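Listed here are the chains, written in short residue letters.
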There are 2 protein chains.
Amino acid sequence: MKELNYTPNAVARSLIQRKSFTIGLMLPDITDPFLSSMAQGIEEVISDSGYHLVYGNTSRIREKEESFLLSAAQRKLDGLIITSDYMDGEMMQVLRNLEIPIVFLRRRPPAELDMPFVDVDHYKGSCRAVEYLLSLHHRHIGFIGMPDFSYTGRERYRAFCDTMQKNNIPIAEGATIFGERSYQSGYESMRDLTASYPEMTAVFAANDILAIGALEWLAEQNISVPDQMSIVGFDNLEVSNLHWIKLTTVAQPRKEMGMKSAELLMTMIQEKDSKAASILFDTELIIRRTCAPINL
Amino acid sequence: MKELNYTPNAVARSLIQRKSFTIGLMLPDITDPFLSSMAQGIEEVISDSGYHLVYGNTSRIREKEESFLLSAAQRKLDGLIITSDYMDGEMMQVLRNLEIPIVFLRRRPPAELDMPFVDVDHYKGSCRAVEYLLSLHHRHIGFIGMPDFSYTGRERYRAFCDTMQKNNIPIAEGATIFGERSYQSGYESMRDLTASYPEMTAVFAANDILAIGALEWLAEQNISVPDQMSIVGFDNLEVSNLHWIKLTTVAQPRKEMGMKSAELLMTMIQEKDSKAASILFDTELIIRRTCAPINL
DNA sequence: CTGAAAGCGCTAACAT
DNA sequence: ATGTTAGCGCTTTCAG
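Residues numbered from 1 in each chain as written. Chains lettered and ligands numbered in written order. Predicted model: local features only at pLDDT ≥ 70, side-chain atom pairs only at ≥ 80, totals over all residues. Heavy atoms only, no water.

*Asks:* I'd like a rundown of the protein's contact with DNA strand D, residues and numbers included.
*Replies:* Taken together, Leu15, Ile16 and Arg18 of chain A together with Tyr6, Thr7, Pro8, Asn9, Ala12, Arg13, Ile16 and Gln17 of chain B make up the full set of residues adjacent to DNA strand D. Put simply, 78% of the atoms of DNA strand D that lie within 4 Å of the protein are in sugar or phosphate. Residue Tyr6 of chain B places a side-chain N or O atom 3.0 Å away from a phosphate oxygen belonging to DNA strand D. The side chain of Arg13 of chain B places a nitrogen or oxygen atom 3.3 Å from a phosphate oxygen of DNA strand D. Elements represented by at least two residues in the surface near DNA strand D include exactly helix H1 (10–17) of chain A together with helix H1 (10–17) of chain B. Per element, the largest residue contribution to the surface near DNA strand D is four residues, and it comes from H1 of chain B. (Near = heavy atom within 4 Å. Polar contact = N/O pair within 3.5 Å; in protein donor to acceptor, adjacent residues only side chain to side chain. Helix = DSSP H or I, 4+ residues; strand = E, 2+ residues; numbered from the N terminus.)

*Asks:* Go over the domain arrangement of chain A, please, and point to the residues and values.
*Replies:* One widely used convention gives an interface's size as the accessible area the parts lose upon coming together. Residues and elements named next belong to chain A. According to the domain assignment, chain A contains domain 1 (10–120 + 253–282) and domain 2 (122–251). Taking only C-alpha atoms, the centre of domain 1 and the centre of domain 2 are 32 Å apart. Between domain 1 and domain 2, the contact holds 12 residues from the first and 12 residues from the second. Between domain 1 and domain 2, the buried area comes to about 950 Å², and carbon and sulfur atoms account for 46% of it. Interface area lost by domain 1 to domain 2 is led by Arg106, Val120 and Arg254, which between them contribute 34%. The tally of links from domain 1 across to domain 2 stands at two salt bridges. In this structure, the salt-bridge partner of Lys124 is Asp282, at a minimum N-O distance of 3.3 Å. Here the side of domain 1 that touches domain 2 is composed, by residue class, of four nonpolar, no polar and eight charged. (Domains from an automatic or database assignment. Contact = heavy atoms within 4.5 Å. Buried area = accessible area lost by both parts, 1.4 Å probe. Salt bridge = Lys/Arg side-chain N within 4 Å of Asp/Glu carboxyl O. Nonpolar A, V, L, I, M, F, W, Y, C, P; charged D, E, K, R; others polar.)

*Asks:* Go over the pairing of strand S3 (residues 79–82) of chain A with me, naming the residues and quoting the values.
*Replies:* Residue and element names in this part refer to chain A. The alternating pattern of S3 places Gly79 and Ile81 and Leu80 and Ile82 on opposite faces, both of which are buried. Two strands pair when backbone bridges link them, and strand S1 (residues 22–27) and S3 are joined in this way by four bridges, in the parallel orientation. Residue Ile23 lies in a different strand from S3, and its bridge partner there is Gly79. As judged from the three bridges shared by S3 and strand S4 (residues 102–105), these two strands associate in the parallel manner. Paired with Leu80 across the strands is Ile102, a residue of S4. (Buried < 20%, exposed > 50% of the residue type's maximum accessible area, 1.4 Å probe, protein only. Pairing = 2+ DSSP bridges.)

*Asks:* Now, about the protein's contact with DNA strand C: what can you tell me, with residues and values included?
*Replies:* Taken together, the neighbourhood of DNA strand C is formed by Tyr6, Thr7, Pro8, Asn9, Ala12, Arg13, Ile16 and Gln17 of chain A together with Leu15, Ile16 and Arg18 of chain B. Close to the protein, within 4 Å, the atoms of DNA strand C belong to sugar or phosphate groups at a rate of 79%. Between a phosphate oxygen of DNA strand C and a side-chain N or O atom of Tyr6 of chain A, the distance comes to 3.0 Å. Between DNA strand C and Asn9 of chain A, the relevant distance is 2.7 Å, taken from a phosphate oxygen to a main-chain nitrogen or oxygen of the residue. Residue contributions to the surface near DNA strand C peak at four residues, all from H1 of chain A. Residue composition of the surface near DNA strand C, grouped by class: six nonpolar, three polar and two charged.

*Asks:* Describe the nonpolar core, listing the residues and the values that go with them.
*Replies:* One finds Met190 of chain A together with Met190 of chain B to be the most contacted residues of the largest nonpolar core, which totals 94 residues. For Met190 of chain A, the residues in contact, after removing those within four places along its chain, are Ile144, Met200, Val203, Ala214, Trp217, Leu218, Met229 and Ile231 of chain A. By size, the runner-up hydrophobic cluster in this structure holds 54 residues, among which are Ile23, Phe34, Ile46 and Tyr51 of chain B. (Core = buried A, V, L, I, M, F, W, Y, C linked by side-chain atoms within 4.5 Å.)

*Asks:* Any details on the sheet that holds strand S6 (residues 141–145) of chain B? Residues and values, ideally.
*Replies:* All names here are of chain B. The parallel open sheet is built from four strands, whose spatial order is S7-S6-S8-S9. Each edge of the open sheet carries a strand with a single partner, namely strand S7 (176–178) and strand S9 (230–232). Each adjacent strand pair in this sheet contributes to an overall mean axis angle of 15 degrees, direction not counted. On the sheet, helix H5 (residues 122–135) packs against S6, strand S8 (202–205) and S9 and is oriented at approximately 170 degrees with respect to S8. Strand contacts of helix H6 (residues 151–166): S6, S7 and S8, with the helix running at about 165 degrees to S6, the strand carrying the most contacts. (Axes fitted to C-alpha atoms, helices over the stretch in contact; angles between N-to-C directions.)

*Asks:* Hey, could you go over the pattern of salt bridges for me, with residue numbers and the actual values?
*Replies:* All names here are of chain A. The final tally for this structure, using the stated rule, is 32 salt bridges over all chains. In this structure, Asp88 and Arg62 form a salt bridge, with 2.4 Å as the shortest nitrogen-oxygen distance. One end of the pair, Asp88, is in the loop between S3 and helix H4 (89–98); the other, Arg62, is in helix H3 (residues 62–74), with 26 residues separating them in the sequence. The exposure class of Arg62 is partly exposed, given its relative accessible area of 23%. Three or more residues joined by partner-sharing salt bridges are found here, namely Asp32, Arg156, Arg181 and Asp235.

*Asks:* Help me get a handle on the packing of H5 of chain B against H6 of chain B, residues and values and all.
*Replies:* Residues and elements named next belong to chain B. The interhelical angle for the contact between H5 and H6, taken along N-to-C directions, is 40 degrees, at an axis separation of 8 Å. Classified by the interaxial angle, the pair formed by H5 and H6 is oblique. Relative to H6, the crossing made by H5 is right-handed. When H5 is examined against H6, the residues His122, Tyr123, Ser126, Cys127, Val130, Glu131 and Leu134 are found in contact with a partner set consisting of Tyr151, Thr152, Glu155, Arg156, Arg158, Ala159, Phe160, Asp162, Thr163, Met164 and Lys166. Each residue belonging to the contact of H5 with H6 can be placed in one class, and the counts come to eight nonpolar, four polar and six charged. (Parallel < 35°, antiparallel > 145°, perpendicular 65-115°, else oblique. Left-handed = near helix turned anticlockwise from the far one by under 90°.)

Right, here's the structure in full:
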């Protein structure tokens, strides 16, 4: 017929097939190197399957989460990958009403939801980090954490407390502090921790950004790392391997996590029966140059 | 009627209104902190207008660009923001056939296309950087560039050459080198440059990643920055402000660029007549600690 | 001002 | 094998 640039109308096809060939990705912040790596992995497998990826940035605002989910319903998205920060009863109802496959990324779905998740074992990884510090004979270990609303932050804190307790080491008063996810916050936290817990010889920071901020303060104070203070982080960001930093940290397979979550979602979409098997990735302790055995 | 969770079908509405209320964003790599900042800005304004953002990662692969553009046509996206690396005749025809508003982000559209762009003035910003080095009495200046296929890389290189020439300073043999966008590449480039141009006292690196890689090599060789070698970068990444780095560099308003491009697109969509006015942002030279006047 | 009908561009079911 | 028709869920138009 007309061989002159005719393009089928996918909207019409979607209407009759009740499939939009589009999946939604809801993230708090695409600017986070961690999340953008996962997003890249997701986009890769999704687009290879001929699907589109609609991306929504929530900025951790409840209202934005809701409006994304609502519009996902209206546009008949075929599936969702979400990193949600507000999973209460109302939100759960919204998700249920969607009646489409959903996988949680980096978050656990509430027990009553029966949806799969893809994440890394924050707890286990953090235990490993603290145990490493313990194996270096540190006994006065401080903790720089993330704000209370952060799921990953809570898990890593829980691991810190449990590991200390399991080894019969009391957590000193003033040994823990919580900040935001910024260099500045790590810097200030390290300063405050040093004041409130002077015996401290090591600190476990709940993420690399915080750890690097801490390192900055120590460098400014001419407190030598690792000779006078050992630091371990979590995330293994690109920057953590920089010559001046060489942070000992816990690595997670970021892009792979994204890809797996997308693959999981695609099979859920393609095979209606699919029994949603969550995936929990393992972490790896990357030993670099910010930890040393304690000086006896 | 039924007040029990009824959601209008946006697909049906799209079909009749010939509007998908969705715009497309085509980027080479969402993992690039620069691009993800822009993406965040775009998403913000787009979603505030009730639109969806479909994001496609091209990985600088021509085939992926084409397939994204084609599927944009099929799904009747209402507009596009693209960072394209392959704007030849065929690609231009694809864009024209779309018959929807398109804005180029961080790329110039070919003259025959009459589409607006949003970018920063790489040329002017780079001239400023080189002039700064010149004002510090450096005469033996090296250049670490990006690969030839990079538009921004070419502009920054052109600025380097022009500024040197304008000041009657010949560019020495072996004073320029080109790498990829990685710390590793900056590291190796600095090493090679030092060998091929031993008189060199300063280098302009076409981006911060390269500059930081160069700084790493210098630190390993115990070549003092800025006493023995001055470095200036381009981008003003978060990491460039780290205590150990404090890189003098050229800053660009990343998130704002994204927001402006989205606003531009939205007005093009809403007002059919719109006469597409491109936006060229200015850069700012951020002076930190990696440059010093030459030692006479 | 409210209500029925036509139609967007496709696919699937049906008839030729 | 090919051709015709109904209808997806809306919006818009036109009639009542």
